[in-house]
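Per-entry structural report
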Amino acid sequence: MRRAFSKSEMMMGMEIRKQLVLLSCGLLLALWVLGISGGALPSCSFPAIYNFGDSNSDTGGISAAFEPIRAPYGEGFFRKPAGRDSDGRLIIDFIAEHLRLPYLSAYLNSLGTNYRHGANFATGGSTIRRPNETIFEYGISPFSLDMQTAQFLQFKARTADLLRQAKNPYERSKLPNPEDFAKALYTFDIGQNDLSAGFRKLSFDQLRAQIPDIVNQLATAVRRIYEQGGRAFWIHNTGPIGCLPVNLFYNLNPAPGYVDEHSCVKGQNDMAIEFNRQLKDRVIKLRAELPQAAITYVDAYAAKYGLISNAKNEGFVDPMKVCCGYHVRYDHVWCGNKATVNGREVYGASCRNASSAISWDGVHYTQAANQWVANRILNGALSNPPIPITQACHRS
């Protein structure tokens, strides 16, 4: 015979059930948070990286196509010039390290290359849109993003042909596995030179009117690679271009309001922010248009501006101080070059402690700054969706 429960026991039972419901809801909420933050997702094990971009991620393309980058570039890590516009590694190098893959060989390199784990199509000076000037005028590369994607398509097609022709395992060992193209990570870091060229030739209003077309052309490149089987995309926005020291090389006394409290050109940064806003919106639309793609938008601007605005507390010197080159008032000898200044020969040497500098040559970052930025973006803290790069194959 069942014992009748007292009123107090019934109340206690109801409270216990209430607590169990709350505990279950809390557990489900925790699992949901883990899911959106990437904590519950498995790692992707990317077998390769294919990169598209400009000098911020060029590992030797422009050096192979034109005059090689000279010393002291590369001295901070490679102990020699290594085709990179820095004293050492770039963010793309830290990405490769993080994914436990070799550094990327430039697609345009003819010697010493191994494309088993990817290739780099970026070249210094590249734009998203096709340029209408030569590299010898303003340093704009002829290898715009549509050319880089065309090179990738050729690379993928030739890989299949060369594998069929390979006579032994050694010949195959330096070629990509055909199935890896669908599993690879496709990285983009480009757009800065479209803005810099616009600042040189257009008014802010004219440049702003062209941003939708620039962003759409980047989306077209992503779509072309998707149609070739690419599925995981990691897209950096553009950095705070107004914070590059070169902007003040010939403007030592800017007008009031021209720069912000960190000596960054406000109008240029505002344009970069607008470019990034439209890029993010376009990435969100791409996710709907490419249903099998995992596309991550990475706020590199936030990381770079965060470093520049807090340089001293992060152990760096004035972000407007250039490590390599001779820059005294209006006399400028670029990094690695020689020139006559006031009747004497001057060499654009590097500073003694590049590890405390943010700007390497007035345009590009030092290895230390690149590493600092990489550490802030690879964990997904500044990404949309907020997942680390190791889980960037998962569609949100």
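Residues numbered from 1 in each chain as written. Predicted model: local features only at pLDDT ≥ 70, side-chain atom pairs only at ≥ 80, totals over all residues. Heavy atoms only, no water.

Further remarks concern the environment of Asn 269. Tracing the backbone shows Asn 269 in helix H10 (residues 266-289). Distance from Asn 269 to Arg 352, taken between C-alpha atoms, is 30 Å for residues 83 residues apart in sequence. In contact with Asn 269, not counting residues within four places along its chain, are Pro 240, Ile 241, Gly 242, Cys 243, Asp 260, Cys 264, Tyr 301 and Tyr 305. (Helix = DSSP H or I, 4+ residues; strand = E, 2+ residues; numbered from the N terminus. Contact = heavy atoms within 4.5 Å.)

A separate point is the state of the cysteines. Tallied over the full model, the rule gives four disulfides. Paired through a disulfide, Cys 243 and Cys 264 show a sulfur-sulfur distance of 2.1 Å. Disulfide Cys 243-Cys 264: the torsion about the S-S bond is 105°, which places it as right-handed. Taken together, the positions of Cys 243 in the loop between strand S4 (232-236) and H10 and Cys 264 in the loop between S4 and H10 put the pair 21 residues apart, joining distant regions of the chain. There is no split in this pair, since Cys 243 and Cys 264 are both buried. Two residues share a disulfide in this structure: Cys 323 and Cys 351, whose sulfurs sit 2.0 Å from each other. Taking the torsion about the sulfur-sulfur bond, which here is approximately -90°, the covalent link between Cys 323 and Cys 351 counts as left-handed. Of the two residues, Cys 323 is situated in the loop between helix H11 (300-309) and strand S6 (325-328) and Cys 351 in the loop between strand S9 (344-347) and helix H12 (367-377); the sequence distance between them amounts to 28 residues. Residue classification places Cys 323 among the buried positions, given a relative accessible area of 6%. (Disulfide = S-S within 2.5 Å. Buried < 20%, exposed > 50% of the residue type's maximum accessible area, 1.4 Å probe, protein only.)

Now for the nonpolar core. In terms of nonpolar packing, the biggest core is built from 78 residues, with Tyr 50, Phe 52, Ile 95, Tyr 186, Phe 188, Phe 233 and Ile 235 touching the most fellow members. Looking at this core element by element, the count peaks at ten residues for helix H9 (residues 204-227). Core analysis: the second largest hydrophobic core is formed by ten residues, Ile 69, Cys 324, Cys 335 and Trp 360 among them. (Core = buried A, V, L, I, M, F, W, Y, C linked by side-chain atoms within 4.5 Å.)

As a further point, take unusual backbone geometry. In the segment running from Ala 71 into Pro 72, the intervening peptide bond is cis, with an omega of 10°. Relative to the elements of secondary structure, Pro 72 occurs in the loop between helix H2 (61-65) and helix H3 (91-98).

Contact geometry of H11 with H12 gives a least axis separation of 9 Å together with a crossing angle of 130°. Taken together, the axes of H11 and H12 are oblique relative to one another. The crossing of H11 and H12 is right-handed. In this structure, H11 contributes Ala 300, Ala 303, Lys 304, Gly 306 and Leu 307 to the contact, and H12 contributes Ala 369, Trp 372, Val 373, Arg 376 and Ile 377. Here the contact of H11 with H12 is composed, by residue class, of seven nonpolar, one polar and two charged. (Axes fitted to C-alpha atoms, helices over the stretch in contact; angles between N-to-C directions. Parallel < 35°, antiparallel > 145°, perpendicular 65-115°, else oblique. Left-handed = near helix turned anticlockwise from the far one by under 90°. Nonpolar A, V, L, I, M, F, W, Y, C, P; charged D, E, K, R; others polar.)

This part takes up the sheet that holds strand S2 (residues 118-120). Strands sit in the order S2-S1-S3-S4-S5-S10 across an open sheet of six strands; the sheet is mixed. Only two strands of the sheet have a single partner each, and these edge strands are S2 and strand S10 (383-384). Here strand S1 (residues 49-53) pairs with S2 via three bridges, running parallel. Opposite Ile 49, over in S2, you have Gly 118 as the bridge partner. On the sheet, H10 packs against S4, strand S5 (294-298) and S10 and is oriented at approximately 170° with respect to S5. (Pairing = 2+ DSSP bridges.)

Further remarks concern the side chain of Thr 59. Of note, Thr 59 is situated in the loop between S1 and H2. The exposure class assigned to Thr 59 is buried, which follows from its relative accessible area of 5%. In this structure the side chain of Thr 59 is engaged in a polar contact, spanning 2.9 Å, whose partner is the backbone oxygen of Leu 104. (Polar contact = N/O pair within 3.5 Å; in protein donor to acceptor, adjacent residues only side chain to side chain.)

This model, assessed by the stated rule, comprises 25 aromatic pairs. Taken together, a centroid distance of 5.6 Å and an interplanar angle of 20° make the contact between Tyr 50 and Tyr 186 stacked. In this pair, Tyr 50 sits in strand S1 while Tyr 186 sits in strand S3 (residues 185-189), placing the two residues 136 residues apart along the sequence. A ring pair is formed by Phe 77 and Phe 78, whose centres lie 4.9 Å apart and whose planes are at 85°; its orientation type is edge-to-face. Overall, the relative accessible area of 32% leaves Phe 77 in the partly exposed class. Put simply, the rings of Tyr 50, Phe 52, Tyr 107, Tyr 115, Phe 121, Phe 152, Phe 155, Phe 181, Tyr 186, Phe 188 and Phe 233 pair up and form one aromatic cluster. Over the ring of Tyr 138 we find Arg 200; its NZ or CZ atom is 3.8 Å from the centre of that ring. Of note, Arg 231 hangs over the ring of Tyr 226, and the distance from its end group to the ring centre comes to 4.1 Å. (Phe/Tyr/Trp six-rings, centres within 6.5 Å; stacked < 30°, edge-to-face > 60°. Lys NZ or Arg CZ within 6 Å of the ring centre and 35° of its normal.)

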